[in-house]
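Chain by chain, the residues run as shown.
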Amino acid sequence: MILTNFIFTLIFIYGIYYLILNLLNLKKAADVSKEAIYPIKESEFAGIIIPNEWKQMEPLSKNTKSYRYVKWGTVAALIMLLLLFLIVVTSDRIGSSYFSLAYLFFIIINSIRHRGNLFILPKGIILNGKFVFFNQIKHVETEQIVRWHNLYGLDSKVNNAYKLTIKLKRTLFQPNFLVVENAAQLEQISANFQQQGVRCESKSA
């Protein structure tokens, strides 16, 4: 019982830290997104597709629906984590449900995420709601989504578009990829990275 409570305490502390840090990162990203040099035009936003919903990228500000979702979702998640934690440490009748509760902890922690995005700024990028300096980027990979590619056929906007993957340094979990609809836009994005000394690699499907 003592060991179980200790484990759940560690999970609880991690959850609180992750949720608060995630919200602070998003707040900073919303503040600095005004400095973005790309995308700026509506057509540039429309040409960046976000998995897994395959929706077009939206501007980032504190007034957007996705930002408010993370803001108030974080508050709700913190309350739910606290209630679950109290149930665990005050009840001795849970028994085999500990694994289910632990799984529920992680579901709650990972459910509060901002929709994916990519903004290129003078000093770095905003990637999926988090600001990243250029020197934190290992390299950028691009790959066309043609027939037999594992993404081909998932959505009409994805077919013959380009998978854009940004690899970061010193991170265990790499960020999710994005999809760029056409070659001209991909070339513009790659040029912005190369101007900042970020290596861009093209992979064959």
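See above for the structure.
Just so it is clear, the model here is predicted, and its values are computed rather than measured. (Residues numbered from 1 in each chain as written. Predicted model: local features only at pLDDT ≥ 70, side-chain atom pairs only at ≥ 80, totals over all residues. Heavy atoms only, no water.)

Draft legend 1. Geometry of the overall build of the protein chain. Tallying secondary structure elements over the protein chain gives five helices and nine strands in all. Dimensions of the protein chain along its principal axes, counting C-alpha atoms only, are 60 × 40 × 30 Å. Split into buried and exposed, the 205 residues of the protein chain put 44% on the buried side. Intrachain contacts of the protein chain at a sequence separation of at least 6 include 67% that bridge at least 24 residues. Carbon and sulfur atoms make up 58% of the accessible area of the protein chain, which amounts to about 12,000 Å² in all. Here the protein chain holds 23 positive side-chain charges and 13 negative ones, and the gap between their average locations is 6 Å. (Helix = DSSP H or I, 4+ residues; strand = E, 2+ residues; numbered from the N terminus. Buried < 20%, exposed > 50% of the residue type's maximum accessible area, 1.4 Å probe, protein only. Contact = heavy atoms within 4.5 Å. Areas by Shrake-Rupley, 256 points an atom, 1.4 Å probe, with all protein chains shown as cover. Lys, Arg positive; Asp, Glu negative; His and termini not counted. Charge placed at Lys NZ, Arg CZ, Asp CG, Glu CD.)

Draft legend 2. Broad picture of the pairing of strand β5 (residues 130-133). Relative to β5, strand β4 (residues 124-127) is paired through four bridges, and the arrangement is antiparallel. Bridging across to β5, Ile-126 finds its partner in Phe-131. A loop of two residues connects β4 with β5, the two strands running antiparallel in sequence, and Asn-128 in this loop sits at a positive phi of about 55°. (Pairing = 2+ DSSP bridges.)

Draft legend 3. A look at the sheet that holds strand β1 (residues 48-50). What the six strands build is an open sheet, ordered β2-β1-β8-β7-β6-β9; its pairing is mixed. The open sheet has two edge strands, β2 (55-56) and β9 (200-203), and neither has a second partner. As paired elements, β1 and strand β8 (residues 178-180) share two bridges and run antiparallel to each other. Among the inter-strand pairings, Ile-49 is bridged to a residue of β8, identified as Val-179. Along the sheet, helix α5 (residues 183-195) contacts β1, β6 (137-144), β7 (162-168), β8 and β9; its crossing angle with β7, the most-contacted strand, is approximately 20°. (Axes fitted to C-alpha atoms, helices over the stretch in contact; angles between N-to-C directions.)

Draft legend 4. Just the nonpolar core, in detail. Judged by nonpolar contacts, the single largest core of 48 residues is most densely connected at Leu-118, Ile-125, Ile-137, Ile-166 and Phe-193. It is helix α1 (residues 2-32) that contributes the most residues to this core, eight residues altogether. Beyond its immediate stretch of four places on either side in the chain, Phe-193 contacts Leu-118, Ile-120, Ile-125, Phe-134, Ile-137, Val-140, Ile-166, Val-198 and Cys-200. If you look at the next biggest cluster of nonpolar residues, it comprises eight residues, including Ile-145, Leu-151, Phe-177 and Val-179. (Core = buried A, V, L, I, M, F, W, Y, C linked by side-chain atoms within 4.5 Å.)

Draft legend 5. Structural detail: the environment of Lys-55. Mapped onto the fold, Lys-55 is located in strand β2. Residues Lys-55 and Asp-155 lie 100 residues apart in sequence; the distance between their C-alpha atoms is 9.8 Å. Those residues in contact with Lys-55 that lie beyond four places of it in its chain are Ile-48, Ile-49, Ile-50 and Arg-115.

Draft legend 6. Here's a closer look at the sheet that holds β5. In spatial order, the strands read β3-β4-β5; together these three strands make up an open sheet with antiparallel pairing. The open sheet has two edge strands with one neighbour each: β3 (118-120) and β5. Sheet twist, expressed as the average angle between the axes of neighbouring strands with direction ignored, equals 20°. α5 rests against β3 and β4 of the sheet, and its axis sits at about 50° to β3.

Draft legend 7. Main features of unusual backbone geometry. The peptide bond linking Tyr-38 to Pro-39 adopts the cis configuration, its omega dihedral lying at -5°. Following the sequence through the fold, Pro-39 ends up in the loop between α1 and α2 (42-46). Going from Pro-51 to Asn-52, the amide bond is cis rather than trans, its omega being 5°. If you trace the backbone, Asn-52 turns up in the loop between β1 and β2. A positive phi angle, close to 50°, is found at Arg-170, a residue other than glycine.

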